[in-house]
Amino acid sequence: MSDAIKLAKGLVTTRPTVVLCGETLLSKKVYDQICDAKMIEASSKMKPTEAKIQRAVRVANGIVSFVEMSKTDVLYLPFGVDFSQISESDWLAKVGEPVGEETFDERQQAFIKSMGWKLDGDR
Amino acid sequence: MSVHHRHGGPSHNKLEITFDTPIDNWFSSPKQIRWSVALGKLLVSNAVYSHVRNSDLSFNTKHLTNRYTTCVDSDTTNLFGGVSTGIYLYKMALSDPINYVSVATIGASVRMIDASGDPLHVYVTSNNAADGHGVRMVTKSTMAVTGGGTPVQILATGTGDNQFTNPLGLLYIATNADSGFLYVCEATRICKIAVVTTAGSESFTWTTSYAIAANDLAWDGTNFYVQSSTQTIKYDNVFTDATKVATACVGYSITYIPDQGDGYGATLAIVDSTNSHLERRKCSDLSAINSVGSAGDGSSSLFDPTFTTSVATQIEYKFDDGFSYVTPSGTSHALSWNGFAGYSFRTAGPHKCTISVRGRLGLVTGIDARSDAITLYKNLQKLSSPFGLVNSGNYKVPLNMLSPCIDLRGDCSGNLSSIPNVKYFDLSGSDITGDISNISRSATVIYIITSSISGSLSNLPSTPIYVYLYSSNGITPGSIAHLVAIRDLRIYSMGWHTDDVDLVLKSISDAIHADVNHFTFATPALQIGVTNQAPSHLDGYFDPMVVLGAGVGDADHWDWDAVLGKHKAKSGGSAIWVMTHNVGHVWSVTCTGGGPYP
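Residues numbered from 1 in each chain as written. Chains lettered and ligands numbered in written order. Predicted model: local features only at pLDDT ≥ 70, side-chain atom pairs only at ≥ 80, totals over all residues.

Focus: helix H1 (residues 498-514) of chain B
Here H1(B) spans 24 Å end to end across 17 residues, near enough to the 24 Å set by a 1.5 Å rise per residue. Where H1(B) is buried, its residues meet strand S50 (566-569), helix H3 (572-580) and strand S51 (588-592) of chain B. (Helix = DSSP H or I, 4+ residues; strand = E, 2+ residues; numbered from the N terminus. Expected span 1.5 Å × (residues − 1). Contact = placed C-beta atoms within 7 Å.)

Printed below as a string of structure tokens:
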């Protein structure tokens, strides 16, 4: 009866247009925008973590927020919203290591800006 | 009429901050270490301000100029040092190690120096192929480089006798008032040069070399201690009998510390440049006593609160050791000391800093003290303007001192009712108490992570757009329908049961059912999982108009609302469907699933 598809790792969607890479779920738009072989490779190597809470990055209509999920959580996606949830390891791989005097925060800000996204709030 | 303060404490027009600066045990590429007889301390050259350390390696001060980054040594009255990229040797008075007295142009990158053995001269090694891997002699009184050749240096560049290649550590040992021997360390040998030090008649005569790999060496009057990249070796006075060897002892420089009466006898201090730490060993058997230090620039050990003011003005930081600093006119104010945006002390804390503002204290609108080990504020309540505070550390600022505060981030203690004006909360820790109904009615951001506040969610103010109350098990579930502007609501790990979770979910779906534009943000998010139980009937997550049809409800998931002509959720699962399909203001929901779990 349900039109929800429980994909894996607690991610639930009603839409076939999302692309699942390990624990990262990307909208087709974001997948086309940022995903490359390196990112999928990083995801495929991910091992289940024993940590109770895992962090991830959400991008909803271009607004970025940092969230936490446990292995027993499921995420119900917002209908009609360009929505992605990127695992912490994929996010770190995508942002990359700071170079020289650059801090990770600065690099992350630059990456978010380069994607045309905005960081939600100031926390 | 006379004007005087009635109290012995700080003026009411000044803010007084007491703090314990952490001990600075950070090093960035430390190079040379030397015992200063005059100071009774160790000198350690360091890329970001050199250190003075006590004989047990503990921190003493880094109140030194930044002109000692590769080498440092002292005699009875002066400090000498050189910088890594420079070609100069600086001289400072021990009484004023910030401002240099005079400088010698060495003409090559300075590596290490010896200033303590010869009262008239400083000996300098350098590493620059272009102008010779040389050893220079500098006359202390004139800071003139002495010696022959072009460039001026002792002996020549090369690998044979009478030549140097890549010299590093060195040590002058006087044999009488006018002469002595200079020992120079190279990668594969230690060179011995006889030196005459008579002013105007200086001379250097190659004596011999010893096939010993050495970075630096020390001398206790009887034995030599040679430091290589991997070992410390104790030799006799002619380098023939290696009586003791300390293996796995990485070192770049070594110095001798006379007996300090601490039970260890005479000791050695060694710099491990690669791993940014110091080690102390006994001269007797080379056994290790202790080590200290890790990599870092030491900036975290500084006291560096910054202030913002509502109008351009100046503020003065006045410290209890006499140092004071007045900021340039502006609205953002930070310390500036000896190249740092912060201040460190010659002695361990606690210390006090008095802040005065040109104009009045009430001009302060912000204090950012996030990395400062503050133990007490005095007169914080005198900041009459609405102000913001960022605080972290052991001292939890009492909330009753913060009544004018509108932006509060960090560690505090007390009851939420004490801060009626705060719009931005970022508090954590068990020292925060109170009821949700005490939270300022104008709050827009509420991050309060503590188990010691209580109350129903329904008593939150209606104003916030961000609410993080997760892991707060004193909070009870309730309707959040009044949070019309909410963007991000995190209430996971509250230990709630299914009915509790449903109560929150249904308060949202009921509000949407009544008015699809009830919540104003386009993509609000709710996290209500982790230790909370799963919502009821997650199998109700379906489109009832498609599955059941108009006018038809079912037992567990959906009622038919004949008045509004649409289905109304009655389970947690169906409430989630309403939330995630409310086009225009559509929620994402993270909750505990029904399992089985991956």
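So much for the structure itself; the text now carries on.
Overview of the interface of chain B and chain A
By a widespread convention, an interface's size corresponds to the accessible area lost as its parts come together. Tallying the contact residues gives 28 residues for chain B and 30 residues for chain A. For the side of chain B that touches chain A, the leading source of residues is S51(B), giving 5 residues.

Some words on the sheet that holds strand S14 (residues 144-146) of chain B
Residue and element names in this part refer to chain B. As summarised here, the arrangement of the 4 strands in space is S11-S12-S13-S14, forming an open sheet in which the pairing is antiparallel. Here the strands that pair on one side only, and so sit at the sheet edges, are strand S11 (110-114) and S14. In this sheet, neighbouring strand axes are inclined to one another by 35° on average, regardless of whether the strands run parallel or antiparallel. Relative to strand S12 (residues 121-126), S11 runs antiparallel, the two being bridged by 3 bridges. (Pairing = 2+ DSSP bridges. Axes fitted to C-alpha atoms, helices over the stretch in contact; angles between N-to-C directions.)

Remarks on the nonpolar core
The nonpolar side chains of a soluble globular protein tend to be buried, and buried together. Residues and elements named next belong to chain B. Ranked by internal contacts, the top residues of the largest apolar core, which has 104 residues, are Leu402, Leu408, Phe425, Ile446 and Val467. Of the residues forming this core, the biggest block, 6 residues, is contributed by H1. Counting residues in each nonpolar core, the second largest holds 66 residues, with Leu57, Leu64, Cys191 and Val226 among its members. (Core = buried A, V, L, I, M, F, W, Y, C linked by C-beta atoms within 7 Å. Buried ≥ 20, exposed ≤ 12 C-beta atoms within 10 Å, placed from the backbone.)

Observations regarding the pairing of strand S27 (residues 277-282) of chain B
Residues and elements named next belong to chain B. Of all 6 residues in S27, 5 are buried, a share of seventy percent or more. Joining the antiparallel neighbours strand S26 (residues 267-272) and S27 is a turn of 4 residues, in which Ser276 adopts a positive phi near 55°. In terms of strand pairing, S27 meets strand S28 (residues 288-292) through 4 bridges, oriented antiparallel. Among the inter-strand pairings, Arg281 is bridged to a residue of S28, identified as Ala288. Connecting S27 to the antiparallel partner S28 that follows it, the hairpin turn spans 5 residues, and Leu286 within it adopts a positive phi of roughly 65°.

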